[in-house]
Amino acid sequence: MATFTERMAPVLVLWLAVSLSGTWAVDKGNFKTCDQSSFCKRQRALKPGESPYRALLETMELTNTRLTLQLINDNNKVRLLLELYRLQGNITRVKINELKPLKLRYEVPDVLIRDPPTEPLSLLSQDENGVVLSLGAESQRVIVSARPFRLDIMEGREVLMSLNSRGLLAFEHLRMRKDTFSYKVTSTVASVWDNIKRVFSSQADPEAEKKEETDPAKQAETAKEEEEKVEDGMWEETFKSHSDSKPNGPSAVSLDFSLPGVEHVYGIPEHADTLRLKTTENGDPYRLYNLDVFQYELYNPMALYGAVPVMLAHNAQRTTGIFWLNAAETWVDISSNTAGKTVFGKMLDYVQGSSETPQTDVRWISESGIIDVFIMLGPTPKDVFAQYASLTGTQAFPPLAAVGYHQCRWNYNDQEDVTSVDAGFDEHDIPYDYIWLDIEHTDGKRYFTWDPHKFASPKEMLQGLMDKKRKMVAIVDPHIKVDTNYKIHNEIRSRSFYIKNKDGGDYEGWCWPGSAGYPDFTRADMRDWWASMFAYDQYEGSMENLYTWNDMNEPSVFNGPEVTMHKDALHGAWEHRDVHNLYGFYVQMATAEGLIQRSGGVERPFVLTRAFFAGSQRYGAVWTGDNAAEWDHLKVSIPMCLSLGLVGISFCGADVGGFFKSPSTELLVRWYQTGAYQPFFRAHAHLDTPRREPWLFGPENTALIREAVRQRYTLLPYWYQQFYHAHRTGQPIMRPLWVEYPEDPATFALDDEFLIGRDLLVHPVTEEGARGVTAYLPGKDEVWFDVHTFQKHNGAQNLYIPVTISSIPVFQRGGSIIPRKIRVRRSSSCMMHDPYTLYVALNPQRTAEGELYIDDGHTFNYEKEFIHRRLSFANNLLSSVNLAPDAQFSTRSWIERIVILGASKPSKVILKTDDGQESQLEFDFDSSMSVLTLRKPGMNAGVDWNVMLQ
Amino acid sequence: MFETGVSGFLSSDMRLHISLTFIITITASCGTADSRKIRGISPSYKRFYRERKSFLCIDGSKMIPFEQVNDDYCDCEDGSDEPGTSACPRGRFYCTNLSFRPHYIPSSRVNDGICDCCDASDEYNSHARCQNTCWNLGQRERAYVEGQMRTLDEGLQLKQQLIEEGVLLWREKQAQLRELQQVAEDLQIKLEEHRRKKHEAERLREQTLKALGAGDSSVRRENGSSTFNFLDSNKDGSLTVEEVQAKVALVHDEERLLSEDEAVALLGGGRLMDLTLFQHTLWDVLTKADSVKIRGSLDAAGRVVAEDLEASDGEWEATNQKKVEEAYDTVNMEISDLRKKLTIDYGPDWEFLFLNSQCYKLKVYEYTYTLCPFNQVTQRSTAGADVSLGRWGMWAGTPHNQYSQMVYESGEPCWQGGSRSTTVTLTCGTETALRSVREPSKCQYIMDFQTPVACQPVLKQRGIHSEL
């Protein structure tokens with residue numbers, strides 16, 4: 001009985017917490033805390049101290065590219081194998097696995113774009129205490145200390161990062177279960193026998209027992225057994241009514257990283273939290289476990305829909321990154337020796353010359369798999385982006401239209417509804433590129449089908465959109481209705497492509513269609529089959545302007561533990577536990593592949609996903625899931641997308657207007673204004689909310705929303721160029737200021753403003769009833785131009801900007817050239833051949849640089865056929881030079897206008913084109929704003945030219 | 001042969017029309033010096049674009065050389081220098097659309113690859129292959145408008161009938177109301193009569209009681225007559241064997257029914273007894289003998305008699321009175337119902353009155369919707385029961401025509417709070433029917449309801465080019 005009440009007590013508390021919590025908020029009781037996740041609880045109970053691990057230097061093997069070494073845990077004598085690689089581009093890879101695991105442990109496949117190319121490691125010195133290896137560049141070294149085991153990565157005398165310096169390396173080796181029936185029988189019989197023996201022996205020899213107890217060998221054995229004592233939750237674990245059978249027992253891995261000199265760490269999305277990660281000592285660690293969280297709360301470390309186990313560390317001197325390649329449930333603890341210190345306290349430290357340098361300590365804990373960590377050594381933010389991109393690839397280059405505005409709602413009810421919404425945009429002269437259909441468009445939530453009444457002739461509908469040069473996205477979720485009259489289900493079942501439950505039958509869970517199966521997307525043959533389902537002849541009613549949205553791919557299982565799949569479900573040899581965070585990644589991968597294949601490899605796909613993992617950037621866009629129509633949700637969309645951008649996923653957006661609840665008109669307008677300046681720009685709304693198409697809030701608000709969307713469209717050339725750049729380099733599109741101003745600590749924690757590329761700074765208005773905002777304009781010797789008024793402001797200042805409801809504070813960096821298309825039309829495709837206006841913003845040195853990128857906007861031909869030009873202004877000469885002389889592309893677009901901000905009045909302006917023709921340009925000079933506008937230079941955008949101001 | 005001949009004739013006639021249109025267009029274009037200049041301008045604006053040395057932006061903000069009109073660069077803030085190109089963000093392009101409606105499109109739709117003007121004039125420099133569809137559209141439009149006009153004419157006629165019917169109905173209802181009020185008045189009178197009678201009876205009863213208590217023979221005699229009345233169940237003025245058997249009992253140790261012979265004996269050997277005989281014979285027996293009682297009497301005879309008197313006379317009275325009261329209530333309810341119905345605004349001529357008490361159904365996918373105007377809207381799924389989508393709320397049309405829309409509110413509650421409501425838009429048609437139902441947002445329904453009474457005598461005819 002005691003046990004029962006003990007067990008019931010926390011359940012009761014939980015139940016109380018659940019029933020007392022408000023009606024609107026996440027039901028936290030549905031999701032585990034670290035304490036409720038047994039491996040997290042076990043691992044977190046380990047406190048920093050001397051590590052039981054020792055490096056066995058005699059086992060060291062060093063080849064040209066790899067060092068291997070055995071580690072031993074002195075407590076249980078289990079040996080681990082350490083592998084250390086030096087990878088191209090200043091990356092160190094550290095892999096730790098069991099030397100002889102009872103069975104294979106999961107290593108994440110398919111996330112790395114290739115086997116990372118290595119570079120030679122060389123031994124600098126070695127003694128009985130450790131080994132020093134050279135990392136080549138910049139006197140970088142790795143020191144492997146033997147007892148206790150730790151790794152220090154140094155540059156000169158400076159420690160950049162230490163591993164296991166706090167002794168938190170832990171590796172739960174795979175083991176035989178000891179509380180099984182047979183084991184128990186033998187051990188019980190044995191102990192009974194022992195006792196009998198003892199009784200007899202004590203009668204015979206009272207000293208024998210004592211002697212036995214003092215036997216040192218025996219003592220060691222007891223110690224070892226204590227070490228491996230079976231704790232609750234090792235072999236079975238229950239959460240709410242769900243039990244996890246854990247046939248493989250405990251298998252967690254953990255490692256600590258110390259970052260001397262670091263006070264700012266970022267990344268590890270997805271969390272609804274600030275850009276700068278917080279210390280976690282007084283609460284739960286940040287959790288990475290893809291979950292469908294109903295009505296998520298803000299500013300906490302709870303897991304959300306996606307997981308990218310990548311953290312960036314930054315200080316004014318250096319940026320580094322840690323990529324923890326593990327797809328199991330993961331928790332990340334962050335602590336800092338300066339956290340909690342007040343600014344005054346820090347100042348005191350400084351004045352008194354406190355010896356303690358700031359340091360951030362990070363600890364990663366995963367439930368299964370191995371330790372496989374990539375240490376990206378920067379040193380600049382852009383180096384880290386390049387390093388991470390070299391491992392997991394870059395942002396997929398989307399079709400240009402996908403960078404436009406998307407109109408979504410759960411749901412547009414039928415074809416007539418779609419037609420009338422489409423017509424509404426024309427009537428109110430608001431551009432859009434994609435209209436979206438949520439789950440209700442299907443025949444009974446059977447994906448790849450259409451409701452026979454409401455969407456009786458999808459091709460007719462799609463053709464109607466195509467006639468307007470617009471497109472559609474229809475949802476395809478990975479849960480498949482169990483229905484023997486459903487082709488997709490039958491095929492998956494007959495091919496045995498479903499994930500299996502622990503007993504080997506097809507796993508079935510509850511989702512939108514009712515009982516549903518979940519295809520095993522970790523299988524390449526399953527993904528191939530899935531991709532083939534997008535062929536035009538398979539996906540009936542689909543056409544080339546129909547694209548795809550993968551939702552619910554965490555996977556969401558309404559009746560599963562934490563609304564997801566049981567961890568003991570089986571993906572072939574592997575447990576769902578091992579692959580969980582990869583599921584959504586694979587779903588999007590297979591879907592994107594399907595869209596590529598249906599066009600014979602010609603057309604670029606566009607796929608939106610809710611769940612994601614490291615590498616998901618290669619397959620399309622993500623959004624921040626089911627947010628709410630609240631001001632704080634608008635605010636948090638900025639740090640959420642910034643965090644994603646830092647770890648490679650640039651194509652990010654939040655539901656404009658908020659998914660749950662109904663926004664006030666002011667909030668809706670502000671959200672459009674913000675969303676227009678975020679990479680993925682889509683309005684979306686819950687089924688139960690009133691309609692909110694842009695024209696439903698009176699003519700003034702329609703005009704405000706129209707203006708925001710039009711600003712997006714004028715900037716499409718710049719956005720597209722940013723996507724191209726992200727695709728080429730892995731740099732984020734939406735960037736925290738510190739990425740461009742890494743030495744300016746004032747930028748390190750900013751997350752209410754951001755940069756698009758290098759040249760546009762956006763400080764959206766996200767406060768209700770705001771009369772003004774204070775934007776930090778970075779750069780000591782820089783200037784910024786208000787893009788609406790052309791007013792010039794100095795950098796390195798906090799600028800108060802009075803705002804009205806129509807204000808979207810946006811600034812162009814002095815020294816940049818931004819191309820726009822100011823003829824905003826119905827959709828991006830309609831603007832294809834339109835002329836450009838160049839905005840040349842001069843810096844104090846009176847120079848500026850920019851680029852112009854043009855291609856066909858939708859095919860993979862961009863790999864060879866494109867225009868990429870450098871635009872530069874110096875010495876009163878503006879010129880366009882070819883950056884890609886080998887590429888072929890011709891455009892009908894021309895330069896219709898050049899606006900030079902911060903200019904002085906010339907006496908004349910001469911245009912010289914590549915054919916040697918010279919002509920004089922008309923111009924207009926606004927002396928009050930120092931704006932020079934060159935009228936209709938008229939040259940083709942794809943050729944060389946010079947414009948000379950005299 | 002004959003048919004082919006006719007169709008051949010028709011098509012050549014059509015061709016004639018089309019070529020005529022072309023000639024006119026071409027001459028119109030050639031009318032000014034440069035066809036580029038004239039592009040996108042309506043006839044009424046042509047005066048601003050007369051070929052001169054310079055062009056003044058229509059808002060007067062700027063003077064530019066005339067060559068810069070329609071040169072694909074926006075010079076004027078108001079977009080007036082580029083009526084024929086897409087250069088100005090705020091510009092507009094005039095589609096002449098000969099033989100159809102002329103109209104403006106935003107400049108952004110010029111040369112965007114999508115045919116917007118039916119005369120194809122907006123896509124003069126794009127890959128779009130636009131056909132001139134104005135003539136067809138015009139035909140269709142004319143046919144449509146003619147159809148609309150026919151519908152309107154027919155609708156208005158029907159409306160006139162319905163108005164007349166409405167007036168009649170109104171009068172009928174008014175008459176009905178008056179009638180009901182009359183009935184109510186009558187009932188009230190009756191009711192008062194009953195109440196008076198009841199009062200009387202009560203008074204009588206008290207008197208009886210007093211008389212019995214005092215043993216006053218004169219009173220007793222009087223009471224003899226009322227006892228006679230009581231016994232005389234069929235009120236024919238004489239007592240029969242059956243009546244006596246029914247209400248008189250023998251009392252020994254316990255009450256016993258009279259046999260027929262005993263009853264005959266009490267009636268003095270005859271089968272009938274009138275009041276006078278009664279007062280002289282049976283009355284005495286009843287009041288003096290201990291062995292014969294009016295049935296139910298175990299107590300002092302007088303009291304029982306009095307109670308029984310009341311029970312019988314009173315019972316009959318009460319039932320009657322209750323019936324009258326019920327009738328009165330019903331009538332009053334009907335009156336208030338009718339009054340409520342009559343306070344609803346049925347339009348200036350009571351033309352919407354006939355809709356009251358009617359219901360209209362429409363099946364949309366798996367649901368059947370029922371609109372009972374001025375009453376309620378319901379939805380029934382193929383499986384389930386009726387769900388209320390709202391009860392009559394009010395007229396909610398435009399200020400210009402408030403009878404163009406009805407709102408039904410406070411239907412069944414919704415999952416996320418609030419309750420279902422329905423907005424019904426009324427349009428002109430020759431018959432009265434529910435045309436469509438939509439639910440653009442959850443729990444907010446929109447219905448199109450067609451009826452002749454929504455036809456408005458002045459339908460502004462949209463201008464169609466009659467120049468040809």
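As annotated in an unreviewed UniProt entry, chain B carries the name Glucosidase 2 subunit beta and is attributed to Cottoperca gobio.

In the nomenclature of an unreviewed UniProt entry, chain A is known as Neutral alpha-glucosidase AB of Cottoperca gobio. Note on chain A: under the UniProt heading Pathway (unreviewed entry), the record states "Glycan metabolism; N-glycan metabolism."

### Quick notes on the overall build of chain A
A tally of helices and strands in chain A yields 18 helices and 51 strands. Relative to the 2.2 N^0.38 estimate, which gives 30 Å for 950 residues, the radius of gyration of chain A is 30 Å and therefore close to what a compact globule would have. For chain A, the C-alpha atoms occupy an extent of roughly 120 × 70 × 50 Å along the three principal directions. Looking at chain A as a whole, 61% of its 950 residues qualify as buried. Across chain A, the fraction of contacts at a sequence separation of at least 24, relative to all contacts at a separation of at least 6, is 72%. When the accessible surface of chain A is summed, it comes to about 35700 Å², and 51% of that surface belongs to carbon and sulfur atoms. In chain A, 99 side chains carry a positive charge and 125 a negative one; their mean positions are 2 Å apart.

### A closer look at the state of the cysteines
All names here are of chain B. For the coordinates displayed, the defined rule picks out 10 disulfides over all chains. A disulfide bridge connects Cys118 with Cys134, and the sulfur atoms are separated by 2.0 Å. Here the S-S torsion is close to 100°, and the disulfide linking Cys118 with Cys134 is therefore right-handed. A residue pair is termed long-range when its members are at least 10 positions apart, and Cys118 in the loop between strand S4 (103-106) and helix H3 (134-214) and Cys134 in helix H3 qualify at 16 residues. On the basis of relative accessible area, Cys134 is assigned to the buried category, the value being 0%. Here Cys359 engages in a disulfide with Cys372; their sulfurs sit 2.0 Å apart.

### A look at the UniProt feature "domain: MRH" (unreviewed entry) in chain B
According to UniProt, the feature "domain: MRH" (unreviewed entry) maps to residues 357-457 of chain B in the numbering used here. Helix makes up 0% of residues 357-457 of chain B and strand makes up 56%, while its end C-alpha atoms are separated by 26 Å.

### Digging into the interface of chain B and chain A
Counting from both sides, the interface comprises 30 residues of chain B and, opposite them, 32 residues of chain A. Summing both partners gives a buried area of about 2600 Å² for chain B against chain A, and 41% of it is carried by carbon and sulfur. Residues Asp429(A) and Arg109(B) are paired through a salt bridge, measuring 3.6 Å at the closest nitrogen-oxygen approach. At the boundary of chain B and chain A, one finds 19 residue pairs in polar contact (both at pLDDT 80 or more). Sort the elements by how many residues they give to the side of chain B that touches chain A and strand S16 (residues 433-441) of chain B lands first, with four residues. Taken together, the residues that form the side of chain B that touches chain A break down as 10 nonpolar, 11 polar and nine charged.

### With respect to the packing of aromatic side chains
Taken as a whole, this structure holds 67 aromatic pairs over all chains when the rule is applied. The interplanar angle of 85° and the centroid separation of 6.1 Å between the aromatic rings of Trp436(A) and Phe606(A) together place this pair among those described as edge-to-face. One end of the pair, Trp436(A), is in strand S22 (residues 434-437); the other, Phe606(A), is in the loop between helix H13 (583-598) and strand S30 (607-609), and 170 residues separate them in sequence. Phe606(A) shares its class with Trp436(A); the two are buried. Aromatic side chains Phe352(B) and Trp395(B) sit 4.8 Å apart centroid to centroid with 55° between the ring planes, which places their arrangement in the tilted category. Of this pair, Phe352(B) sits in the loop between helix H9 (301-343) and strand S10 (360-364) while Trp395(B) sits in strand S13 (residues 386-395), and the two are 43 residues apart along the sequence. The residues Phe352(B) and Trp395(B) share a single accessibility class, namely buried. Through a chain of ring-to-ring contacts, the aromatic side chains of Tyr434(A), Trp436(A), Tyr547(A), Trp549(A), Phe606(A), Trp623(A), Phe651(A), Phe680(A) and Phe723(A) assemble into a single cluster. Directly above the aromatic system of Tyr289(A) lies the positively charged group of Lys567(A), at a separation of 5.0 Å from the ring centroid. One Lys or Arg, Arg39(B), reaches over the ring of Tyr124(B) and ends 3.5 Å from the middle of that ring.

### What to know about the domain arrangement of chain A
Residue and element names in this part refer to chain A. The domain boundaries assigned to chain A delineate domain 1 (53-171), domain 2 (400-734) and domain 3 (835-949). For domain 2 versus domain 3, the separation of C-alpha centres amounts to 37 Å. At the junction of the two partners, domain 2 supplies 13 residues and domain 3 supplies 13 residues. Buried surface at the junction of domain 2 and domain 3, both sides included, amounts to about 1200 Å², of which 56% is carbon and sulfur. Per-residue buried area on domain 2 facing domain 3 is highest for Arg604, Gln721 and Tyr724; these three make up 47% of the total on that side. Applying the counting criterion to the domain 2 and domain 3 interface returns two salt bridges. The closest approach of N and O atoms between Asp856 and Arg604, which form a salt bridge, is 3.5 Å.

### Some thoughts on the environment of Gln415(A)
Residues and elements named next belong to chain A. Position of Gln415 among the secondary structure elements: in helix H8 (residues 415-427). The class for Gln415 is buried, based on a relative accessible area of 14%. In contact with Gln415, other than residues within four places in its own chain, are Lys454, Phe455, Ala456, Ser457, Pro458 and Met461.

### Looking at the UniProt feature "domain: Glycoside hydrolase family 31 TIM barrel" (unreviewed entry) in chain A
As recorded in UniProt, the sites labelled "domain: Glycoside hydrolase family 31 TIM barrel" (unreviewed entry) are residues 396-721 of chain A. Helix makes up 34% of residues 396-721 of chain A and strand makes up 13%, while its end C-alpha atoms are separated by 13 Å.

### Section: the pattern of salt bridges
Residue and element names in this part refer to chain A. Tallied over the entire structure, the rule returns 73 salt bridges over all chains. With a shortest N-O distance of 2.3 Å, Glu155 and Arg318 are connected by a salt bridge. With a gap of 163 residues between them, Glu155 in strand S8 (residues 150-155) and Arg318 in the loop between strand S16 (310-314) and strand S17 (319-324) connect regions that are remote in the sequence. Since its relative accessible area comes to 17%, Glu155 is described here as buried. Residue Arg318 is classed as buried on the basis of its relative accessible area, which comes to 11%. In this structure, Arg610 and Asp551 form a salt bridge, with 3.2 Å as the shortest nitrogen-oxygen distance. Remark: Asp551 occurs in the loop between strand S27 (546-550) and strand S28 (570-571) and Arg610 occurs in the loop between S30 and strand S31 (621-623); sequence separation between them is 59 residues. There is no split in this pair, since Arg610 and Asp551 are both buried. Residues joined in a network through salt bridges with shared partners are Asp244, Arg287, Glu329, Glu367, Glu562, Lys567, Glu575 and Arg577.

### A word on the pairing of S17(A)
Residues and elements named next belong to chain A. In terms of burial, S17 is a largely internal element, six of the six residues being buried. Pairing of S16 with S17 involves five bridges; the strand directions are antiparallel. Looking at S17, one finds that Ala313 is bridged to Thr320. Hairpin connection from S16 to S17: four residues lie between these consecutive antiparallel strands. As paired strands, S17 and strand S20 (residues 371-376) are joined by four bridges and run antiparallel to one another. When the bridges of S20 are listed, Phe323 appears paired with Phe374.

### Side note on the side chain of Arg409(A)
Residues and elements named next belong to chain A. Within the fold, Arg409 resides in the loop between strand S21 (405-407) and H8. No salt bridge is formed by the buried Arg409. Its closest oppositely charged neighbour is Glu693, at 5.0 Å. For Arg409, the side chain forms a polar contact with the main-chain oxygen of Thr689, separated by 2.6 Å.

### As for the nonpolar core
Nonpolar side chains in soluble globular proteins tend to be buried together. Residues and elements named next belong to chain A. With 158 residues, the main nonpolar core has Phe323, Trp530, Phe606 and Tyr672 as its most contacted residues. Top contributing element to this core by residue count: H13, with eight residues. Ignoring any residue separated from it by four or fewer positions in sequence, one finds Phe323 in contact with Val111, Leu112, Pro309, Val310, Asp372, Val373, Phe374, Met376, Tyr388, Leu391, Thr392 and Ala614. Membership of the second largest hydrophobic core comes to 50 residues, among which are Leu69, Leu84, Ile153 and Phe257.

Each value, and the rule that gives it
- Residues numbered from 1 in each chain as written.
- Chains lettered and ligands numbered in written order.
- Predicted model: local features only at pLDDT ≥ 70, side-chain atom pairs only at ≥ 80, totals over all residues.
- Heavy atoms only, no water.
- UniProt positions renumbered as here; feature names shortened; annotations may be inferred.
- Helix = DSSP H or I, 4+ residues; strand = E, 2+ residues; numbered from the N terminus.
- Rg over C-alpha atoms; globule rule 2.2 N^0.38 Å.
- Buried < 20%, exposed > 50% of the residue type's maximum accessible area, 1.4 Å probe, protein only.
- Contact = heavy atoms within 4.5 Å.
- Areas by Shrake-Rupley, 256 points an atom, 1.4 Å probe, with all protein chains shown as cover.
- Lys, Arg positive; Asp, Glu negative; His and termini not counted.
- Charge placed at Lys NZ, Arg CZ, Asp CG, Glu CD.
- Disulfide = S-S within 2.5 Å.
- Buried area = accessible area lost by both parts, 1.4 Å probe.
- Salt bridge = Lys/Arg side-chain N within 4 Å of Asp/Glu carboxyl O.
- Polar contact = N/O pair within 3.5 Å; in protein donor to acceptor, adjacent residues only side chain to side chain.
- Nonpolar A, V, L, I, M, F, W, Y, C, P; charged D, E, K, R; others polar.
- Phe/Tyr/Trp six-rings, centres within 6.5 Å; stacked < 30°, edge-to-face > 60°.
- Lys NZ or Arg CZ within 6 Å of the ring centre and 35° of its normal.
- Domains from an automatic or database assignment.
- Pairing = 2+ DSSP bridges.
- Core = buried A, V, L, I, M, F, W, Y, C linked by side-chain atoms within 4.5 Å.

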